[in-house]
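Below, each chain spelled out in residue letters.
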Amino acid sequence: MSASLPPCPQCQSEFTYEMGGLLVCPMCAHEWSADAVTGAEATHADANSEPVIKDSVGNVLEDGDTVTVVKDLKVKGGGGGTVKVGTKVRGIRLAPGGPDGHDIDAKVPGFGQMQLKSSVVKKVL
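Caption draft 1: Structural view of the pairing of strand β10 (residues 112–116). Where strand β9 (residues 104–108) and β10 come together, 5 bridges link them in antiparallel fashion. Each residue of the ladder has a partner; that of A106, found in β10, is M114. In textbook terms, the turn of a hairpin is the stretch between consecutive antiparallel strands, and for β9 and β10 this stretch comprises 3 residues, one of which, G110, has a positive phi near 90 degrees.

Caption draft 2: Representation of the layout of surface pockets in the model. Considered as a void within the structure, the largest pocket measures approximately 310 Å³ in volume. Lining the largest pocket are L73, K74, V75, K76, V83, H102, M114, Q115, L116, K117 and V120. For the lining of the largest pocket, the elements supplying multiple residues, two or more each, are β5 (73–74) and β10. Sort the elements by how many residues they give to the lining of the largest pocket and β10 lands first, with 3 residues. In the lining of the largest pocket, the residues fall into 6 nonpolar, 2 polar and 3 charged.

Caption draft 3: Focus on the pairing of β9. In terms of residue burial, β9 counts as a mostly covered element, since 4 of its 5 residues are buried. One ladder, built from 2 bridges, connects strand β8 (residues 93–94) with β9; its direction is antiparallel. Looking at β9, one finds that R93 is bridged to D105.

Caption draft 4: Focus on the sheet that holds β9. What the 3 strands build is an open sheet, ordered β8-β9-β10; its pairing is antiparallel. Looking at which strands have only one partner, the edges of the open sheet turn out to be β8 and β10.

Caption draft 5: Region of the structure containing the nonpolar core. If you look at the biggest cluster of nonpolar residues, it comprises 15 residues, and the most contacted ones within it are L61, V89, I92, I104, L116 and V121. Of all the elements in the fold, those that place two or more residues in this core are β4 (67–69), β9 and β10. A per-element tally of this core places β9 first, with 3 residues. Apart from residues no more than four positions distant in its own chain, I92 is found in contact with L61, E62, D63, G64, D65, V67, I104, D105 and A106.

Caption draft 6: Inspection of the state of the cysteines at higher detail. For the structure on display, the rule yields 0 disulfides. For the unlinked cysteine C11, the closest cysteine sulfur is that of C25, found at 3.5 Å. Since its relative accessible area comes to 35%, C11 is described here as partly exposed.

Caption draft 7: Broad picture of the pattern of salt bridges. Summed over all chains, the structure comprises 2 salt bridges. The salt bridge partner of D65 is K123, with a shortest N-O separation of 3.4 Å. Of the two residues, D65 is situated in the loop between α1 (34–43) and β4 and K123 in strand β11 (residues 121–123); the sequence distance between them amounts to 58 residues. Overall, the relative accessible area of 13% leaves D65 in the buried class. Residue class for K123 comes out buried when judged on its relative accessible area of 18%.

Conventions used here
Residues numbered from 1 in each chain as written. Predicted model: local features only at pLDDT ≥ 70, side-chain atom pairs only at ≥ 80, totals over all residues. Heavy atoms only, no water. Pairing = 2+ DSSP bridges. Helix = DSSP H or I, 4+ residues; strand = E, 2+ residues; numbered from the N terminus. 1 Å grid on protein atoms, 1.4 Å probe; cavity = no way out; pocket = protein on both sides within 12 Å on 5 of 7 lines; lining within 4 Å. Points joined across faces, edges and corners; volume = space filled by probe spheres on them. Nonpolar A, V, L, I, M, F, W, Y, C, P; charged D, E, K, R; others polar. Buried < 20%, exposed > 50% of the residue type's maximum accessible area, 1.4 Å probe, protein only. Core = buried A, V, L, I, M, F, W, Y, C linked by side-chain atoms within 4.5 Å. Contact = heavy atoms within 4.5 Å. Disulfide = S-S within 2.5 Å. Salt bridge = Lys/Arg side-chain N within 4 Å of Asp/Glu carboxyl O.

By themselves, these are just geometric observations and shouldn't be taken as functional.
Listed below in structure tokens is the structure:
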């Protein structure tokens, strides 16, 4: 067991431990990936830097990129419907810290303005 484990990101407890590929906090029962910690440390190394948002396959996203949807998305409210796999969304805007992990603002063809999670899109290269 490593003596240099990071504190819990939720309650800041120092008593974290490793369980397989996860880090666990015994105080609040929060579990997180050890890989996410190293990525977060690299992302937040400079307090003035913006957070890095990646798509479902790990490509770094930027404002104005074009992405495609990688799975069917049921739309709640506003008439409902489903955004189909392969729908191309142009000119995205990144919105880190959005509600429930929705970190992309985009205008989806046929649906209008909506928020998407970066985990359900893939950057068009």
